[in-house]
Amino acid sequence: MNADADTYADACAYGNAYGHGNAYGYGNGYALTSDAGIPDSQLRDALAQSVAGRPLKKILLIPPDATRAHSCAGKITAMYYEMLKGTCHIDVLPALGTHEPVSRRECDDFLGVPYASVIHHHWRDDVVKLGEVPGEFVASVSEGLVTTPVEVEVNRLLLDPSYDLIVSIGQVVPHEVVGMANYSKNIFVGCGGSSMINSSHMLGAYCGIENILGRVDTPVRRVFDYAEENFIADLPLLYVLTVTTQSSFETILHGLFIGRGRSLFEEAANLSRQKNITFVDEPLRRAVVYLDEHEFKSTWLGNKAIYRTRKAMADGGELIVLAPGVGRFGEDSVIDGLIRKYGYVGRRQILERIAENEDLRRNLSAAAHLIHGSSDGRFTITYAVDKLSRQEIEGVGFRYAPLSDMLASYDPARLKEGPNPSGIYFIGNPALGMWAYER
């Protein structure tokens, strides 16, 4: 990938090379990359080109929620809305997955669209079943670790024939369940149902987070590929994928990839691996991770501090999570209750409790989260909070520290990203990538 060239290839050449969009007459794929960052004017032109010449009467935009605040997806959603609002009807379905609904303020601050245009996805109720990924296929991609079929469910709006175009918008970045986030994950998890979410998360947990993080081809991704090819190939779907970094609190858009085919996702993932994976010189003895209070309000989200650093942490090391916004464990009451009941107690104990307890078997995504959120005793995890009590934090298996005490010792405004003279390794936002030590 030539990161110095703004224009990766002209639209026609890129589309002909990879066959993007041909199935639905959606024009050709398009990709832009820039080390310095793609300017808004060029971004807007690329988005306009992606819908130019299409007879659109009704369109569905599928952005992430505000937990992906640094994805540039909110800006892209607002640009699409502004350029199309006078010519067609626009609905916005945030890809919530298990997250709580987008608030009016988050809609204003992140998505930049009228709140009346937003439709909330309810992952337990708003879905229809399209089919199943066969157990034999799941067994083959997981090397026999999982042998049960995976039900494929999506929000029923995606099957509404009145939509001329469905635009899925999101960031490609290392991810603990699927390897590299976005592409069809935005559909099957972000707009998916409990069965697919539970099954995919548990499949990732069985295969091991260390074997998945930052990889393009994983068992979970291959399950999504099967579902994409067999159940949604006829949808008028267009993917708009971004690759970003952050510098001095500014989000920089390094890559924009617009099209349908998997090769486009692979190009985005390759760029993300360059931009979003940091290799450390030695295992981290003490790492401090800051969770922005507007982005991380639960350990369900905040445990990215654990997922994204675990491959860099030293055995016996210490991970300190500064979490001013974290005031609960789960994103809904059911999962919050399960986390409080079972805790982040390690892979082996959670697998035993799945076998013994029906409530965990019905909520395998929660069980997978509990596995991912434990260091399995390899390093300590301290949550510094002021919205949860010592009893609550220690009750789920973490160490507790008062937020004010930790902020006095580890002031994010005074720490620089990466290694500090004090021996601290500081990470200002774990959602932007992953950190690893190559042993």
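The present account deals with the structure reproduced in this document. Every value quoted in this text rests on a predicted model; they were computed, and no experiment measured them.

### Regarding the overall build of the protein chain
- Scanning the protein chain for helices and strands turns up 17 helices and 19 strands.
- Relative to a compact globule of 439 residues, whose C-alpha radius of gyration would be 22 Å, the protein chain shows 21 Å and is just as compact.
- Principal axes of the C-alpha set define a box for the protein chain whose edges measure 60 × 50 × 45 Å.
- A burial count over the protein chain gives 59% of its 439 residues as buried.
- For the protein chain, restricting intrachain contacts to residue pairs at least 6 apart in sequence, the fraction spanning at least 24 positions comes to 76%.
- When the accessible surface of the protein chain is summed, it comes to about 17,200 Å², and 47% of that surface belongs to carbon and sulfur atoms.

### Digging into the sheet that holds strand β17 (residues 418-419)
- The strand order across the open sheet formed by six strands is β16-β15-β14-β13-β18-β17, and the pairing between neighbours is mixed. In this open sheet, the two edge strands, each paired with only one partner strand, are β16 (399-402) and β17.
- As defined by bridge partners, strand β15 (residues 380-385) adjoins β16 across four bridges and the pair is classed as parallel. For Y383, the partnering residue across the bridge sits in β16 and is Y400.

### What about the side chain of E295?
- Mapped onto the secondary structure, E295 falls in the loop between β13 (284-290) and α10 (299-302).
- Within polar-contact distance, the side chain of E295 engages the side chain of H70 at 3.3 Å.
- When near neighbours in sequence (up to four residues on either side) are disregarded, E295 contacts A66, T67, A69, H70, L301, N429 and A431.

### Some thoughts on the nonpolar core
- In this structure, L158, I187, F188, L291, L319 and Y383 are the most contacted members of the largest nonpolar core, which totals 92 residues.
- It is helix α7 (residues 194-207) that contributes the most residues to this core, six residues altogether.
- Setting aside residues no more than four positions away along its own chain, L319 makes contact with A287, V289, A305, I306, T309, M313, F379, T380, I381 and T382.
- V92, V167, I169 and V240 belong to the second largest nonpolar core, which has 36 residues in total.

### With respect to the packing of helix α2 (residues 40-51) against helix α3 (residues 73-84)
- Interhelical geometry of α2 versus α3 gives an angle of 55° and a closest axis separation of 10 Å. Regarding the angle of α2 to α3, the classification is oblique. Taken as a pair, α2 and α3 cross one another with a handedness that is right-handed. Contacts between α2 and α3 involve D40, L43, R44, L47, A48, S50 and V51 on the former and, on the latter, K75, I76, M79, Y80, M83 and L84.

### Focus: the state of the cysteines
- Following the criterion strictly, the structure yields zero disulfides and no others.
- Of the cysteine sulfurs around C88, a residue in no disulfide, the closest is that of C107, at 17 Å.
- For C88, a relative accessible area of 9% translates into the label buried.
- Left without a disulfide partner, C191 is nearest to the cysteine sulfur of C107, which lies 16 Å away.
- Overall, the relative accessible area of 0% leaves C191 in the buried class.

### Structural notes on α7
- Here α7 spans 20 Å end to end across 14 residues, near enough to the 20 Å set by a 1.5 Å rise per residue.
- Most of α7 is tucked away, with eleven of its 14 residues classed as buried.
- Among the residues of α7, S195, M196, I197, N198, S200, H201, M202, L203, G204, A205 and C207 are the ones counted as buried.
- Packed against the buried residues of α7 are α5 (135-141), β6 (150-155), α6 (185-188), α8 (219-231), α13 (347-356) and α15 (364-372).
- One or two steps after α7, the chain reaches G208, where phi turns positive at roughly 100°.

### Section: helix α4 (residues 104-111)
- Turning to α4, its buried residues are E106, C107, F110 and L111. Buried residues of α4, viewed axially, fall in a sector of 105°; they line one side. Opposite its buried face, α4 presents the exposed residues R104, R105 and D109, each directed more than 90 degrees away.
- G112 occupies a position one or two residues after α4 and carries a positive phi of about 65°.

### Observations concerning unusual backbone geometry
- Of note, the phi angle at E143 is positive, near 55°, even though the residue is not glycine.
- The topology assignment puts E143 in the loop between α5 and β6.
- A relative accessible area of 76% means that E143 is categorised as exposed.

### Comments concerning the pattern of salt bridges
- Counted under the stated rule, the structure contains 25 salt bridges.
- Note that D359 is salt-bridged to K341, the shortest N-O span being 2.8 Å. One end of the pair, D359, is in helix α14 (residues 358-361); the other, K341, is in helix α12 (residues 333-342), and 18 residues separate them in sequence.
- Three or more residues are tied together by salt bridges with common partners; here these are D217, D225, R262 and E266.

### As for the environment of A181
- Examined against the element boundaries, A181 turns out to sit in the loop between β9 (179-180) and α6.
- Those residues in contact with A181 that sit more than four places away from it in its chain are Q171, V172, V173, H175, R221 and F265.

### Things to note about the environment of S248
- Along the chain, S248 falls in the loop between β10 (237-247) and β11 (250-259).
- For S248, a relative accessible area of 70% translates into the label exposed.
- It is 33 Å that separates the C-alpha atoms of S248 and S117, two residues lying 131 residues apart in sequence.

About the cut-offs
Residues numbered from 1 in each chain as written. Predicted model: local features only at pLDDT ≥ 70, side-chain atom pairs only at ≥ 80, totals over all residues. Heavy atoms only, no water. Helix = DSSP H or I, 4+ residues; strand = E, 2+ residues; numbered from the N terminus. Rg over C-alpha atoms; globule rule 2.2 N^0.38 Å. Buried < 20%, exposed > 50% of the residue type's maximum accessible area, 1.4 Å probe, protein only. Contact = heavy atoms within 4.5 Å. Areas by Shrake-Rupley, 256 points an atom, 1.4 Å probe, with all protein chains shown as cover. Pairing = 2+ DSSP bridges. Polar contact = N/O pair within 3.5 Å; in protein donor to acceptor, adjacent residues only side chain to side chain. Core = buried A, V, L, I, M, F, W, Y, C linked by side-chain atoms within 4.5 Å. Axes fitted to C-alpha atoms, helices over the stretch in contact; angles between N-to-C directions. Parallel < 35°, antiparallel > 145°, perpendicular 65-115°, else oblique. Left-handed = near helix turned anticlockwise from the far one by under 90°. Disulfide = S-S within 2.5 Å. Expected span 1.5 Å × (residues − 1). Arc of directions from axis to C-beta. Salt bridge = Lys/Arg side-chain N within 4 Å of Asp/Glu carboxyl O.

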